[in-house]
Amino acid sequence: MSVEALCERLKEAVINCDAESAKETAEEILKSDINPIDVIERYLAPAMKTVGDRFERMEYYLSDLMLAADAMRTATEILTSRLAKGLREEMTLKRLGTVVIGTVKGDIHDIGKNLVATLLEVNGFEVHDLGKDVLPTKFIDKAEEVKADIVALSALMTNTVPNQAEVIAFMRERGLRDKYKIIVGGAVTSQRWSDEIGADGWAPDAYSAVTLAKRVIGK
Amino acid sequence: MISFLEVIDRAFTGPICSEKDFNLNDVTRMVREVVREYGIKYDPDIPIPSDDSLADDVFRAAVKFYTEVGTYCPDTERVMRFDEDEIKKALRDAHDGATLGEGKDAKRLVARKPESKEPPWCSVGACGAPVSTEEIFTSIVRGYGSIPRADSLTSPGLTTVNGMKIVSGSPIEIYGAIRTVVLAREALRRAGRPGFPIVNGLATAITDAATIAGSHFGMRPSDGWEIGSIAEMKLDFDRLNKVAYLTSMGGNILGENGPILGGYCGGPEGTAVVTAAYALQDIIVHRGICQHPFPIHYKYGCSTGGNLLWTLSVASQAISRNTHFPLLNCCYTAAGPMTEMCFYETAAWVTTSVVSGASVEVEGSAKATHIDHLSPMEPRFGVDVAHAVVGMRREDANELVKSLLLKYEDRIDDPPLGKRFQECFNIETGRPSVEHSRLYSRMREEMEDYGLTFE
């Protein structure tokens, strides 16, 4: 099979959310001398765009998005495994930005947050997902560790949403508020809430979160 | 049925599994498999199907799904699984109803069937929607308690105590939970219904500690406590602790679940299967007296879109046709109070639930996420419609609901927020504004034009 045909097969594997096929095909492609970055940009990125479009049209759902992202991640790791350090750093630099995301302390709801995290990743962000019930200091420590651009806070309930304000208060206390862009989301949040607590933006849904993330870092 | 201790034992001894694997490899994979195996197909032109074989296929798919998938415990990272024989015995031993309320307000919540002439149980209120002050809480609960033919209260949730913001897991949450019960009981007394059951114990409480604490300040064994699941098919120790407590004190548990259309369940077919499967979890793990489902849209956060009405109808028919376990569906509208859209959504959702074999809880208006955006008028309308559609054939209800969907579905992604309680009701007297009363009357007349007859 030609390299182009293999790349098309890889693209289809991602669109079909097939991590196993993506892994096998990526390993085959690696035997050729094609530039891995070309494969990622010309085949994998459009594959995820297709997946994202299908999700927007509700032909695909959250699980499809996550499985497709897994397939893409698997393929990318394999394709970049033999890249020189410099080229890998070049790829990292091409990322739109770095996001630390999580559901705040006291809240265990994460489906919306998972959706946002996956969409940010497939749209070119490096994402560090801290999970749910996350203490304010954990957000900040991770943001410092990975040199984040954005800290994204999710909360679903009225009695947990005050902890979004707590993260911002902790940042101010440590003199770090201006270092990061803070975006908030979740069913009980609003633009008014975002303004009230001094966040940099609010997104009503996952797709808006991607647009918002790009906007707050000037991309 | 196996004992609750045996269920807990499986939380400690069941197969080990990461949460991500459970979500994607177990739930998502198996729901797709059973949807395919049983040939379940969503038809957007028929929000209320009359196909009994479809409902029965969904039930069989749900049983297979739950047998294979079970319930996940995030605290132990293990799966509680139950075999087919245990599920059969659970279905046999499941509650067939429960008496809720005291004195003149005592009444039995029972299971219904599709197109049944048995009137539905009508729970009214806020579905936990947040209110800003204790004064508004008391006034609106008095309003809910004043609704004729209402059978129970689903109270709002407080967001402040003595003006302090309630934060989950803190001492303020404990005070908030206690205050919720104390105020609700007093408000119901003022409405002349001291025996009226509260069924969403406890609205303000998120943690087990707050639920247990608040229960000692006015909740009765004849009330109900909602114990929710974590989407999908997950129960942590916090929730299981509540089950342990309530089964010991003899409280009635409502097994609450909000499967997400667009999430791990996938589309309407998968969401219908998972909704039906939750009934099995509600019996075995929640030890519930009824299922309390609200399948909901991942993006719109409401339960009234056409695809969700189909999901709810099919799942309700699956459970009501194949079990004797009561079903008390819960409504979340997109639009807020004092909007035509909210009334249309309520009518469509109530009609769907009642003719599909369920009882109703109305309602979390404006998705129950906007502070003070609730009122007793829309639940009152919901009760009116619920009684008016009793005995209606599914085919006729389908035509009615299709007409109603045309009135609002295109605005679901940008619904009107409506008014806050204090903008459409007098807090002191509890009376609705003239405008709100007129809207209520006009919407009733419109429903009569659709062929409904109100008492």
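Predicted model, so just to flag it, every value in this text is computed and none were measured.

**Q** I tried to follow unusual backbone geometry on my own but got confused; where do I start?
**A** In terms of backbone geometry, most residues other than glycine have negative phi values and most peptide bonds are trans. In the segment running from A231 of chain B into E232 of chain B, the intervening peptide bond is cis, with an omega of -10°. Position of E232 of chain B relative to the elements: it lies in the loop between strand 11 (224–228) and helix 8 (237–249). Phi at M58 of chain A takes a positive value of approximately 60°, unusual for a residue other than glycine. The topology assignment puts M58 of chain A in the loop between helix 3 (36–56) and helix 4 (62–79). According to the relative accessible area criterion, M58 of chain A is partly exposed, its value standing at 21%. In this structure, A366 of chain B is a non-glycine residue whose phi angle is positive, near 50°. Assignment of secondary structure puts A366 of chain B in the loop between strand 17 (359–364) and helix 12 (377–388). Residue A366 of chain B is classed as buried on the basis of its relative accessible area of 0%.

**Q** Sorry, what's going on with the interface of chain B and chain A here?
**A** Often the size quoted for an interface is simply the accessible area lost on bringing the parts together. With 31 residues of chain B at the contact, the number on the chain A side is 29 residues. For the pair chain B and chain A, the two sides together bury roughly 2400 Å², of which 61% comes from carbon and sulfur. Between the two partners, chain B and chain A, sit 3 salt bridges. Between R32 of chain B and D64 of chain A there is a salt bridge, with its nearest N and O atoms 2.5 Å apart.

**Q** Is there a simple way to explain the packing of aromatic side chains in this structure?
**A** Aromatic rings in a pair are described by how distant their centres are and how their planes are angled relative to each other. Tallied over the full model, the rule gives 9 aromatic pairs over all chains. The interplanar angle of 50° and the centroid separation of 5.8 Å between the aromatic rings of F12 of chain B and F237 of chain B together place this pair among those described as tilted. Placement of the pair is F12 of chain B in helix 1 (residues 4–13) and F237 of chain B in helix 8, with a sequence separation of 225 residues. With a relative accessible area of 28%, F237 of chain B lands in the partly exposed category. When the centroid spacing of 5.3 Å and the interplanar angle of 20° are considered together, the rings of F421 of chain B and F425 of chain B count as stacked. Through pairs of rings, three or more aromatic residues link up here, namely F55 and Y207 of chain A together with Y298 of chain B. Against the face of F454 of chain B rests R444 of chain B, its NZ or CZ located 4.5 Å from the ring centre.

**Q** Looking at this structure, I do not really get the side chain of S353 of chain B. What am I missing?
**A** With respect to the helices, strands and loops of the structure, S353 of chain B is situated in helix 11 (residues 340–355). Contacts of S353 of chain B, omitting those with residues within four sequence positions, involve L312, N329, A358 and V360 of chain B.

**Q** Would you mind showing me how to read a negative patch on the surface here?
**A** A grouping of E409, D410, D413 and D414 of chain B is seen on the molecular surface, where their side chains present a negatively charged patch. Among the structural elements, D410 of chain B can be located in the loop between helix 13 (394–408) and helix 14 (421–424).

Rules of the game
Residues numbered from 1 in each chain as written. Chains lettered and ligands numbered in written order. Predicted model: local features only at pLDDT ≥ 70, side-chain atom pairs only at ≥ 80, totals over all residues. Heavy atoms only, no water. Helix = DSSP H or I, 4+ residues; strand = E, 2+ residues; numbered from the N terminus. Buried < 20%, exposed > 50% of the residue type's maximum accessible area, 1.4 Å probe, protein only. Contact = heavy atoms within 4.5 Å. Buried area = accessible area lost by both parts, 1.4 Å probe. Salt bridge = Lys/Arg side-chain N within 4 Å of Asp/Glu carboxyl O. Phe/Tyr/Trp six-rings, centres within 6.5 Å; stacked < 30°, edge-to-face > 60°. Lys NZ or Arg CZ within 6 Å of the ring centre and 35° of its normal. Patch = residues over 30% accessible without salt bridge, like charges linked within 9 Å, V, L, I, M, F, W, Y side chains within 5 Å. Areas by Shrake-Rupley, 256 points an atom, 1.4 Å probe, with all protein chains shown as cover. Lys, Arg positive; Asp, Glu negative; His and termini not counted. Charge placed at Lys NZ, Arg CZ, Asp CG, Glu CD.

Worth remembering: the numbers are spatial, not functional.
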